[in-house]
Structure formats: structure tokens, C-alpha cells
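Summary of structural features
What follows is the residue order along each chain.
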Amino acid sequence: DNTHQSWDLDGEAERVIWDPLEPFCFMAGTSAGSIQCFDCRKGMLWTHEAHEKEVTGLVISNRCKGLMVSASGDGTIKTWDYTYNNIPELIHTKESKLGIIHCLELNPDLPF
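Residues numbered from 1 in each chain as written. Predicted model: local features only at pLDDT ≥ 70, side-chain atom pairs only at ≥ 80, totals over all residues. Heavy atoms only, no water.

Some points on the nonpolar core
For clarity, the cut-off: The term nonpolar core refers to a set of buried residues drawn from Ala, Val, Leu, Ile, Met, Phe, Trp, Tyr and Cys, joined through side-chain atoms within 4.5 Å. Relative accessible area decides the class of each residue, using a 1.4 Å probe on protein chains only: under 20% of the type maximum gives buried, over 50% gives exposed, and in between gives partly exposed. Secondary structure elements follow DSSP: runs of H or I no shorter than four residues count as helices, runs of E no shorter than two count as strands, and numbering proceeds from the N terminus. Note on contacts: a residue pair qualifies if any of its non-hydrogen atoms lie within 4.5 Å across the two residues.
Formed by 14 residues in total, the largest nonpolar core has its most connected members in M27, I35, W46, L58, M68 and Y82. Elements with a minimum of two residues in this core: β2 (25–30), β3 (34–39) and β5 (55–60). With three residues, the single largest contributor to this core is β5. Those residues within four positions of Y82 in sequence are excluded, and the remaining contacts are D19, M27, W46, I60, G66, L67, M68 and P88.

So, in C-alpha cells, the structure goes:
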């Protein structure tokens, strides 16, 4: 019985996260700086060159549909608005000035 699937990324997987509001969808941040979106039933939905260096942090809101935040070795933290039909739209970029951020978490008390 062949019940598994596999997907090709454009680099090494740095971060992989499931979408808490879309149970069949997940995102992968890669060493090439891209974010790739997959539906585990259909395959890749889109890929987007999000950063100049590897994606070191990636989080999807569990309270605000379409809110994603990414961090990178390029020193930036970016906020995105996304849907599964369209490539993410960049909402905000911030220079971290903290070096490389290796993980992110959204504030549970303030969903935005």
C-alpha cells in the first residue's frame, strides 16, 4: 500500500509548519529564502521568494486567517497576508537588529 507523498523544495527545509486553521495545508521555509505552500492532498500551491537568505523563522496565526510572519538570516522580519490561491502579499518589513532569529511565536494576547 502506497499511502505516502513527497514534495520537492527549492533548497533545504529550514522550517516546516502546519496551518492551524487549514488542516491539510503547510508551509516550508527554505535555505534559498523562499516560502512554499503545500496542500497535502494536492501538492504545491505556490512558491514565493520571500527573503534574500534562509528562512529561519516561520509562524502562522491561529486566530487571524491569512496572517503569516517570517524571519531570515538577512536580518528581516516580514509580515504577510496570504491565501491558498495566491502568492503572499508583503504587509510589513522590519530590520531585527538582533542577529539571526531562529524561531518566532505570535503574542497569544494580541492576535495582530
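Don't stop here, the text continues.
A look at the sheet that holds strand β6 (residues 67–72)
Counted only if it meets this: DSSP calls a pair of strands paired once it identifies at least 2 bridges connecting them. Inter-axis angles, ranging from 0 to 180 degrees, are taken between N-to-C directions of lines fitted to C-alpha atoms, where helices are fitted over the stretch in contact.
The strand order across the open sheet formed by four strands is β5-β6-β7-β8, and the pairing between neighbours is antiparallel. Only two strands of the sheet have a single neighbouring strand rather than two, namely β5 and β8 (89–95). Strand-to-strand twist in this sheet, taken as the mean axis angle between neighbours without regard to direction, amounts to 20 degrees. As paired strands, β5 and β6 are joined by five bridges and run antiparallel to one another. Among the inter-strand pairings, L58 is bridged to a residue of β6, identified as S70.

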